[in-house]
Amino acid sequence: MRLAGNATVNRRTEEYEFAVTVSDLPLSEVRFLQPDRFSLSGLAQITLRGEGSRDRPQVEGKIEVRSLALDGREAGATALDVETRDRRAYLRGTANLFGTEMRVSSETLLVEPFPTSTRFEFEGADVRRLIQTLRQPPETLLGSADGTLLVEGDLRHPEGIVVHGDLPRFDAALRSMNFRADRPVRFRYQSNQVQLEQF
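Residues numbered from 1 in each chain as written. Predicted model: local features only at pLDDT ≥ 70, side-chain atom pairs only at ≥ 80, totals over all residues. Heavy atoms only, no water.

Further remarks concern the pattern of salt bridges. A full pass over the atoms with the stated rule returns 13 salt bridges. Between Asp24 and Arg66 there is a salt bridge, and its shortest N-O distance comes to 2.7 Å. With a gap of 42 residues between them, Asp24 in strand β2 (residues 15-26) and Arg66 in strand β4 (residues 57-70) connect regions that are remote in the sequence. Here Asp24 falls in the partly exposed class, since its relative accessible area comes to 21%. Across the pair Glu83 and Arg85 runs a salt bridge whose closest N-O atoms are separated by 3.1 Å. Classification of Glu83 by relative accessible area gives partly exposed; the value is 33%. Beyond isolated ion pairs, a larger network of salt bridges with shared partners links Asp146, Arg169, Asp171 and Arg180. (Salt bridge = Lys/Arg side-chain N within 4 Å of Asp/Glu carboxyl O. Helix = DSSP H or I, 4+ residues; strand = E, 2+ residues; numbered from the N terminus. Buried < 20%, exposed > 50% of the residue type's maximum accessible area, 1.4 Å probe, protein only.)

Structure, rendered in structure tokens:
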């Protein structure tokens with residue numbers, strides 16, 4: 001990991017300015033990104049600049065992650081723009097995850113326990129690779145889907161994070177059987193349990 005930057009602080013007003021670049025940061029060494037249920041690895045490049053005060057921070061920049069992997073399985077890469085306003089952090093960008101290009105948007109309150117909401121939008125996602133992020137799929141399962149995933153919860157308590165899925169198109173094949181949903185497939189995932197809400 002390499003770190004470079006500069007900062008100035010006005011002690012009287014507590015106002016500050018800074019610019020920092022972090023290169024080749026191993027995600028495996030960032031503790032809050034390592035929940036009990038899976039391991040996350042990859043290398044991050046972070047460029048941030050900011051100004052303001054402790055009560056009114058303003059930060060913007062970019063986060064790029066390459067060689068991203070979940071439990072040792074290659075997941076892809078991300079490129080996200082970062083901005084903070086009114087004690088909230090916003091991320092916008094794209095992610096190439098599990099062989100699928102996704103649009104990503106996220107909002108996090110910068111106050112304990114850091115409640116967050118992240119939305120992934122995708123088309124033509126590989127159903128098998130998506131399911132592998134939650135559990136082992138049937139060996140002969142193939143398919144593709146369009147839709148969104150909404151991830152909500154507290155970053156301080158990742159074990160309580162909930163994933164909501166909404167798939168307007170879901171096509172799959174299992175052995176000699178083909179499936180095509182005639183209405184959106186909706187599900188909820190929490191604590192290693194999947195609940196189908198509509199199929």
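This next bit is on the nonpolar core. Burial of nonpolar side chains together is a common tendency in soluble globular proteins. Within the largest apolar cluster, 32 residues are counted, with the highest numbers of intra-cluster contacts made by Leu68, Leu97, Phe98, Met102, Phe122, Leu167 and Phe170. Setting aside residues no more than four positions away along its own chain, Leu167 makes contact with Phe122, Ala145, Asp146, Gly147, Pro184, Val185 and Phe187. (Core = buried A, V, L, I, M, F, W, Y, C linked by side-chain atoms within 4.5 Å. Contact = heavy atoms within 4.5 Å.)

Attention shifts here to the packing of aromatic side chains. Given two aromatic rings, their pairing is described by the distance between the two centres and the angle made by the two planes. Taken as a whole, this structure holds one aromatic pair when the rule is applied. Over the ring of Tyr90 we find Arg85, and its NZ or CZ is 4.3 Å from the ring centre. (Phe/Tyr/Trp six-rings, centres within 6.5 Å; stacked < 30°, edge-to-face > 60°. Lys NZ or Arg CZ within 6 Å of the ring centre and 35° of its normal.)

Moving on to the side chain of Thr78. Checked against the element boundaries, Thr78 lands in strand β5 (residues 73-85). Here Thr78 is in contact with Ile63, Glu64, Val65, Leu68, Thr94, Ala95 and Leu97, once residues within four sequence places are set aside.

Tracing the backbone through its elements, the reader meets Thr116 in strand β8 (residues 115-126). Taking relative accessible area as the criterion, Thr116 reaches 12% and is therefore assigned buried. Here Glu107 takes part through its backbone oxygen, which lies 3.3 Å from a polar atom of the side chain of Thr116. Polar contacts involving the side chain of Thr116 include one to the side chain of Thr108, which spans 2.7 Å. Residues contacting Thr116, with those up to four places away along its chain left out, are Ser106, Glu107, Thr108, Val151, Glu152, Gly153 and Leu155. (Polar contact = N/O pair within 3.5 Å; in protein donor to acceptor, adjacent residues only side chain to side chain.)

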